[in-house]
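These are the residues of each chain, in order.
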Protein chains: 2
Amino acid sequence: MVSKRCYDLGTARSVIRELFEYGNARAREVGPDRVFDFSIGNPSVPPPQAALDELARLIREEDPLKLHGYTSAQGDLAVREKLSASLRRRFGHSYGPDDLYLTVGAAAALCCVFHGLTEAPGDEFIVFAPYFPEYKVFIEGAGAVPVILPPHLPDFQIDLAAVEAAIGPRTKGVLINSPNNPAGAVYTPQTLTALSELLTRKSRELGRPIYLISDEPYREIVYDGAVTPWAPDFYPNTIVCYSYSKSLSLPGERLGYVLVGSEAENAPAVYAAVAGAGRTLGYVNAPSLFQRLCAACDGLTADLSVYAKNRRLLTDGLGQLGFDTSLPPAGTFYYFLPTLEPDDVAFCERAKSLDLLLVPGSGFGVSGYARLSFCVPTERIQGALEVFGKLAKEYGR
Amino acid sequence: MVSKRCYDLGTARSVIRELFEYGNARAREVGPDRVFDFSIGNPSVPPPQAALDELARLIREEDPLKLHGYTSAQGDLAVREKLSASLRRRFGHSYGPDDLYLTVGAAAALCCVFHGLTEAPGDEFIVFAPYFPEYKVFIEGAGAVPVILPPHLPDFQIDLAAVEAAIGPRTKGVLINSPNNPAGAVYTPQTLTALSELLTRKSRELGRPIYLISDEPYREIVYDGAVTPWAPDFYPNTIVCYSYSKSLSLPGERLGYVLVGSEAENAPAVYAAVAGAGRTLGYVNAPSLFQRLCAACDGLTADLSVYAKNRRLLTDGLGQLGFDTSLPPAGTFYYFLPTLEPDDVAFCERAKSLDLLLVPGSGFGVSGYARLSFCVPTERIQGALEVFGKLAKEYGR
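Residues numbered from 1 in each chain as written. Chains lettered and ligands numbered in written order. Predicted model: local features only at pLDDT ≥ 70, side-chain atom pairs only at ≥ 80, totals over all residues. Heavy atoms only, no water.

S.K.: Could you clarify how one ought to interpret the overall build of chain A in this entry?
M.R.: In terms of helices and strands, chain A carries 15 helices and 12 strands. With respect to the principal axes defined by its C-alpha atoms, chain A has extents near 60 × 55 × 55 Å. For chain A, the computed accessible surface area is about 14,000 Å², with 53% contributed by carbon and sulfur atoms. Computed over 37 positive and 45 negative side-chain charges, the inter-centroid distance for chain A is 2 Å. (Helix = DSSP H or I, 4+ residues; strand = E, 2+ residues; numbered from the N terminus. Areas by Shrake-Rupley, 256 points an atom, 1.4 Å probe, with all protein chains shown as cover. Lys, Arg positive; Asp, Glu negative; His and termini not counted. Charge placed at Lys NZ, Arg CZ, Asp CG, Glu CD.)

Here it is in structure tokens:
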């Protein structure tokens, strides 16, 4: 008597959420210091002090009626002016306020793009494994089909031959997520150049653009002085989806954007379709107070040194225990660790019996790996390494 | 090359938004005190001081990592406990935290309900004119069909014979909005009793419940000591959609909820489908800071005396000018005024030429009326009455 698809989605919690809730329950049982929960990507460092100061200032000084009032559906104009100026400063191009559509986080941004680009049921979006599992939910929700390509191992760059084979008359877009959740890979300029050449050629063959949808919530979370290449530099028909959840440690406040640069083909139509999708999905405007906050704080990040430290501790510690840490994440706060047996679900179950909570890679479309979210207090890493030691011993390491 | 429906929705702004943007442009031309804009329902009184104090306190005292972090998809448990306790205090019943699904405003709440209840394309929801025009967008977005019934004149209660005739095998729900935007009507206990009897009988005939979807963003905005009847008291299969936008003057912050009381048939399945719909639409969680704020402030309202005063001024002033003010709004901050000629669009165009911005009733499915949003500074009403006088004179009053 209800939508079967919605009912199924509402009853089957995601693997990650399931594990997270288990961890909470288990912590109440045995104590929080006995459970080593690496399940969920909830930032563990507070927002930057400048953002907290700005939040306090906004509330103290601004007219509450305006601050908490409706904004234009695409976002407050002054906010979009500030953000587009910040993007111009950081990435060049000629971005203006009308290229930006502010959203209730990156999930909303992606949903608006998938709905906006899907002309007819059965249209396709190419997704690379490993991938954030909600991509499938969002694409199918738009009536489209996710075409999931196997991973390029061991570096998690892109298998261009597979992309070429997968592109067909129904292909509307290619979704990338770099830095990648869960693999931690950052696409190199070489990868993006090659992908752009392929998409340009294929678009010409099809007689219409294949859009590159670049989901970038981890854009600023990169290590060892790396910089995430700016996808629109490589391929003009790029639609950028961004979220402030990770960079500013504000995941609950739901603020992000869709950027459709004027260099993209049919940019006005794409922008209009994204905005229309937002309207039909019930997104009236992105939360107004945090629109103002993010406009003032664009480009800032929370203190990422904690993540860098955790990453180093894991690389060193797990390596010493016999795990394969030859490819530490270039970005994000996820470690995608080869498991000590091919069956990653069995491996993670064994870890779970030791109160060590890891997400099986098969939940992201790639078996033989486990994802560790290392956005946790550093003490938890240190304690967890002991348990990882026990686990390694069970596998004879 | 994009979704035609989304493109159309993204390019055709709503009549109200169109008029509002025109008013802004016109104010820059002739000065804001020369434009009498009654187009948009943006609250004109600030949030209650207690809410502003609580907002400042939350930011000052709470751990920012928790305050701005992800919550459960259905909303923070402590928040849902507080809200359900508040609902029990105010309305009785046995509401608990698991009956509440927090949403990004009432628009999101409605979208989740329509998507959750629609089993197959072509399922129907009954809507009463006059109606908020986005209802049509939301229902069609779920793949369902809005069945729009003509108004019950002159009191804008419900024409039961029309409902009876409209209910068929595809009817999934009946949408009510009391207090009503734009008519200002509040359904009486008699109306709700009769509607409940009809729906109970029809549900029995169909062998499954027809749900009553009660959209209540104006619940607390009623006049002359009136109280909005609580729809679930009359019909147990009621799904309540609520928003804090109007009651707390926080429309830009997007906070609301869906309430599925356990007394509703198949409540767990309906709740799961609503939550699943939220997931597929990209609603990760309702904004976390304002979840906490609304939990602390549920039941409070902004200072409604300004709206009461504006309503009184309009009733007296317009009545003296020869307008029909025999049915002032019982609730909301909208006046639904019979126009001085049958063609309400022509009437509103004539008003617009005097810089008096009213929304034609036909935009809400009922011609012969104009909507005035009187959530405006009281001075604007006083100035506008002069212009209304000129307009009345043009019609020989």
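S.K.: Before we go on, may I ask you to explain helix α5 (residues 77-91) of chain A in this structure?
M.R.: Note on helix geometry: an α-helix contains 3.6 residues per turn, so any two residues three or four positions apart are oriented the same way. Residues and elements named next belong to chain A. Here α5 spans 21 Å end to end across 15 residues, near enough to the 21 Å set by a 1.5 Å rise per residue. Buried within α5 are the following residues: Val-79, Arg-80, Leu-83, Ser-84, Ser-86, Leu-87 and Phe-91. Axial view of α5: buried residues confined to an arc of 155°, hence all on one face. Buried residues in α5 make contact with β2 (100-103), α10 (231-234), β8 (256-260) and α12 (288-297). Of the residues that open α5, the one with a side-chain oxygen 3.2 Å from the backbone nitrogen of Ala-78 is Asp-76. Positive backbone phi, approximately 75°, marks Gly-92, located one or two places after α5. (Expected span 1.5 Å × (residues − 1). Buried < 20%, exposed > 50% of the residue type's maximum accessible area, 1.4 Å probe, protein only. Arc of directions from axis to C-beta. Contact = heavy atoms within 4.5 Å. Polar contact = N/O pair within 3.5 Å; in protein donor to acceptor, adjacent residues only side chain to side chain.)

S.K.: Honestly, the pairing of strand β7 (residues 238-243) of chain B in this entry has me stumped. Any pointers?
M.R.: A regular strand places its side chains so that they alternate between the two faces of the sheet. All names here are of chain B. In terms of residue burial, β7 counts as a mostly covered element, since 6 of its 6 residues are buried. Every second residue of β7 is oriented toward a common face, with Thr-238, Val-240 and Tyr-242 on one face and Ile-239, Cys-241 and Ser-243 on the other, all of them buried. Relative to β7, strand β6 (residues 211-215) runs parallel, the two being bridged by 4 bridges. Paired with Ile-213 across the bridge in β7 is Ile-239. The pairing of β7 with strand β8 (residues 256-260) spans 5 bridges and is antiparallel. Bridge pairing in β8 places Ile-239 opposite Val-260. (Pairing = 2+ DSSP bridges.)

S.K.: I keep staring at the sheet that holds strand β11 (residues 359-360) of chain A and nothing clicks. Help me out?
M.R.: Residue and element names in this part refer to chain A. Strand order in this open sheet of 3 strands is β9-β12-β11, and the pairing throughout is antiparallel. In the strand order of this sheet, the two ends are held by β9 (334-338) and β11, each with one partner. Here β9 pairs with strand β12 (residues 369-373) via 5 bridges, running antiparallel. Residue Tyr-335 lies in a different strand from β12, and its bridge partner there is Leu-372. In the packing of helix α13 (residues 305-320) onto the sheet, the strands contacted are β9 and β12, and the crossing angle to β9 comes to about 15°. (Axes fitted to C-alpha atoms, helices over the stretch in contact; angles between N-to-C directions.)

S.K.: Can you help me understand the nonpolar core in this one?
M.R.: Across soluble globular proteins, you tend to see nonpolar side chains buried next to one another. Ranked by internal contacts, the top residues of the largest apolar core, which has 112 residues, are Phe114(A), Leu117(A), Ile213(A), Phe114(B), Leu117(B) and Ile213(B). Those residues within four positions of Ile213(B) in sequence are excluded, and the remaining contacts are Leu110(B), Val113(B), Phe114(B), Leu117(B), Phe125(B), Gly173(B), Val174(B), Leu175(B), Ile176(B), Ile239(B) and Cys241(B). (Core = buried A, V, L, I, M, F, W, Y, C linked by side-chain atoms within 4.5 Å.)

S.K.: Explanation requested: the relation of the copies chain A and chain B in the structure shown.
M.R.: Both copies of the chain are related by a screw-like operation: a rotation about an axis and a shift along it. By a simple turn and slide, chain A fits onto chain B: the slide is 0.0 Å along the axis, the RMSD is 0.0 Å, and the turn is 180°. Read as a symmetry element, the transformation amounts to a two-fold axis. Proximity to the rotation axis, assessed at the C-alpha, singles out Leu281(A) in chain A; its C-alpha lies 3.2 Å from the axis. Mapped onto chain B, 100% of the interface residues of chain A again fall at the interface, so both copies present the same surface. (Least-squares fit on C-alpha atoms with pLDDT ≥ 70 in both.)

S.K.: Is there a simple way to think about the side chain of His115(B) in this case?
M.R.: Within the secondary structure, His115(B) sits in helix α6 (residues 105-117). Those residues within four positions of His115(B) in sequence are excluded, and the remaining contacts are Ser3(A), Cys6(A), Gly141(B), Ala142(B), Ala277(B) and Leu281(B).

S.K.: Is there a simple way to explain the pattern of salt bridges in this structure?
M.R.: Side chains that carry opposite charge are capable of pairing whenever their charged atoms lie near each other. In the structure shown here, the tally under the stated rule is 46 salt bridges over all chains. Notably, a salt bridge pairs Arg279(B) with Glu134(A), separated by 2.8 Å at the nearest N-O pair. Of this pair, Arg279(B) sits in helix α11 (residues 267-280) while Glu134(A) sits in helix α7 (residues 134-141), placing the two residues on different chains. Both residues of the pair, Arg279(B) and Glu134(A), count as buried. In this structure, Arg80(B) and Asp98(B) form a salt bridge, with 3.3 Å as the shortest nitrogen-oxygen distance. Of this pair, Arg80(B) sits in helix α5 (residues 77-91) while Asp98(B) sits in the loop between α5 and β2 (100-103), and the two are 18 residues apart along the sequence. Each of Glu54(A), Arg57(A), Arg60(A), Glu61(A) and Glu62(A) takes part in salt bridges that share partners, so that together they form one network. (Salt bridge = Lys/Arg side-chain N within 4 Å of Asp/Glu carboxyl O.)

S.K.: In this structure, what is going on with the sheet that holds β2(A)? I would like to understand it.
M.R.: Strand pairing within a sheet occurs via backbone hydrogen bonds; the two strands may be parallel or antiparallel. Residue and element names in this part refer to chain A. The mixed open sheet is built from 7 strands, whose spatial order is β2-β8-β7-β6-β5-β3-β4. The outermost strands of the open sheet, each flanked by one partner alone, are β2 and β4 (145-149). Here the strands of the sheet are splayed against their neighbours by 20° on average, with no regard to which way each runs. Packing of α7 onto the sheet brings it into contact with β3 (124-128), β4, β5 (171-176) and β6 (211-215), and relative to β4 it is tilted by some 145°.

S.K.: Teacher, can you tell me more about the side chain of Ser203(B) here?
M.R.: All names here are of chain B. By secondary structure assignment, the location of Ser-203 is in helix α9 (residues 189-206). Separated by 2.7 Å, the side chain of Ser-203 and the backbone oxygen of Leu-199 make a polar contact. For Ser-203, the residues in contact, after removing those within four places along its chain, are Arg-208, Pro-209, Ile-210 and Tyr-235.

S.K.: How should I be thinking about the interface of chain A and chain B in this particular structure?
M.R.: Residue-level contacts link 76 residues of chain A with 76 residues of chain B. Interface area for chain A against chain B, summed over the two sides, is near 5,700 Å², with a carbon-plus-sulfur share of 61%. Together, Met1(A), Tyr70(A) and Arg279(A) form the three largest contributors to the area buried by chain A at its contact with chain B, with a combined 15%. Joining chain A to chain B, the criterion identifies 2 salt bridges. Linking chain A with chain B are 35 residue pairs in polar contact (both at pLDDT 80 or more), by the criterion used here. Listing elements by their share of the side of chain A that touches chain B, those giving two or more residues are α1 (4-11), α2 (15-30), α3 (49-61), α4 (64-67), α6 (105-117), α7, α11 (267-280) and α12 of chain A. (Buried area = accessible area lost by both parts, 1.4 Å probe.)

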